[in-house]
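Coordinate inspection notes
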Amino acid sequence: ALIELSRKNIYTHPNDKLGLMVSGTMVNQAEFAQDFPLLELRFENIRGEAIAVRRFAPDEYLDLPKDRIVKMQPGEPVAFTLEIIDPGPDVVSYEFTFL
C-alpha cells in the first residue's frame, strides 16, 4: 500500500508492430526500505472484463538479475520499462497493481 505509481505510459513499440512498450515510475512512500513488489498489468474491454492479465517479477520489470536487486529505498523513484504483445483492439483501459 505504500508503493505509489507516480508515472505510467503505454505506447506502440517502435520496432515491433505487434508490441507495446510499458513504462512507469514507482516510489516507496514508506519510511523504511522494502522489497520490490510483483507488478500486475491488467487490460480490460468496455464491459470491464479482463482481456489480458500478467504479473511481472522485479527481475523482469527492472531488467536486472535477481542477485542484484536490493530493497526499494524510501522516497527514491524507480523507473521500469517492459515490452509486451499488444492485447488487441478491444482494450479500452488498463490498470497497474502492486502485489
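The preceding data block contains the structure.
Described below are features of the structure shown in this document. Keep in mind the model is a prediction, meaning the values are calculated, not measured. (Residues numbered from 1 in each chain as written. Predicted model: local features only at pLDDT ≥ 70, side-chain atom pairs only at ≥ 80, totals over all residues. Heavy atoms only, no water.)

Here's the deal with the packing of aromatic side chains
- For the structure shown, the criterion picks out four aromatic pairs.
- When the centroid spacing of 5.9 Å and the interplanar angle of 85° are considered together, the rings of Tyr 94 and Phe 96 count as edge-to-face.
- Overall, the relative accessible area of 12% leaves Phe 96 in the buried class. (Phe/Tyr/Trp six-rings, centres within 6.5 Å; stacked < 30°, edge-to-face > 60°. Buried < 20%, exposed > 50% of the residue type's maximum accessible area, 1.4 Å probe, protein only.)

Remarks on the sheet that holds strand β6 (residues 93-98)
- Ordered in space as β4-β3-β6, the three strands form an open sheet in which the pairing is antiparallel. The sheet is open, and its two borders are formed by β4 (50-56) and β6, each paired with just one other strand. This sheet shows a mean twist of 15° between the axes of neighbouring strands, independent of strand direction.
- Of the pairings in the sheet, the one linking strand β3 (residues 39-44) to β4 comprises six bridges and is antiparallel in character. Residue Leu 41 lies in a different strand from β4, and its bridge partner there is Arg 54. (Pairing = 2+ DSSP bridges. Helix = DSSP H or I, 4+ residues; strand = E, 2+ residues; numbered from the N terminus. Axes fitted to C-alpha atoms, helices over the stretch in contact; angles between N-to-C directions.)

Digging into the pattern of salt bridges
- Counting across every chain of the model gives five salt bridges.
- We note a salt bridge from Arg 55 to Glu 40, for which the minimum N-O separation is 2.8 Å. Residue Arg 55 is found in strand β4, and its partner Glu 40 is found in strand β3; the two are separated by 15 residues along the sequence.
- In this structure, Arg 42 engages Glu 44 in a salt bridge whose closest nitrogen and oxygen atoms are separated by 2.7 Å. (Salt bridge = Lys/Arg side-chain N within 4 Å of Asp/Glu carboxyl O.)

A few points about the pairing of strand β1 (residues 3-12)
- Taken together, the nine bridges between β1 and strand β2 (residues 19-28) define a ladder with antiparallel strand orientation. Following the sheet pairing, Thr 12 is matched in β2 by Leu 20.
- Counting the residues between successive antiparallel strands, the hairpin from β1 to β2 contains six residues.

Quick word on the nonpolar core
- Counting residues in each nonpolar core, the largest one holds 18 residues, and the members touching the most others are Val 22, Met 26, Leu 41, Tyr 61 and Ile 84.
- Put simply, the parts of the chain that give this core at least two residues each are β1, β2, β3 and β5 (77-85).
- Among the elements that make up this core, the one with the highest residue count is β5 (four residues).
- Those residues within four positions of Tyr 61 in sequence are excluded, and the remaining contacts are Met 26, Phe 36, Pro 37, Leu 39, Phe 56, Phe 80, Thr 81 and Leu 82. (Core = buried A, V, L, I, M, F, W, Y, C linked by side-chain atoms within 4.5 Å. Contact = heavy atoms within 4.5 Å.)

Notes on unusual backbone geometry
- Here the phi dihedral of Asp 63 falls at roughly 55°; this positive angle occurs in a residue that is not glycine.
- Among the structural elements, Asp 63 can be located in the loop between α1 (58-61) and β5.

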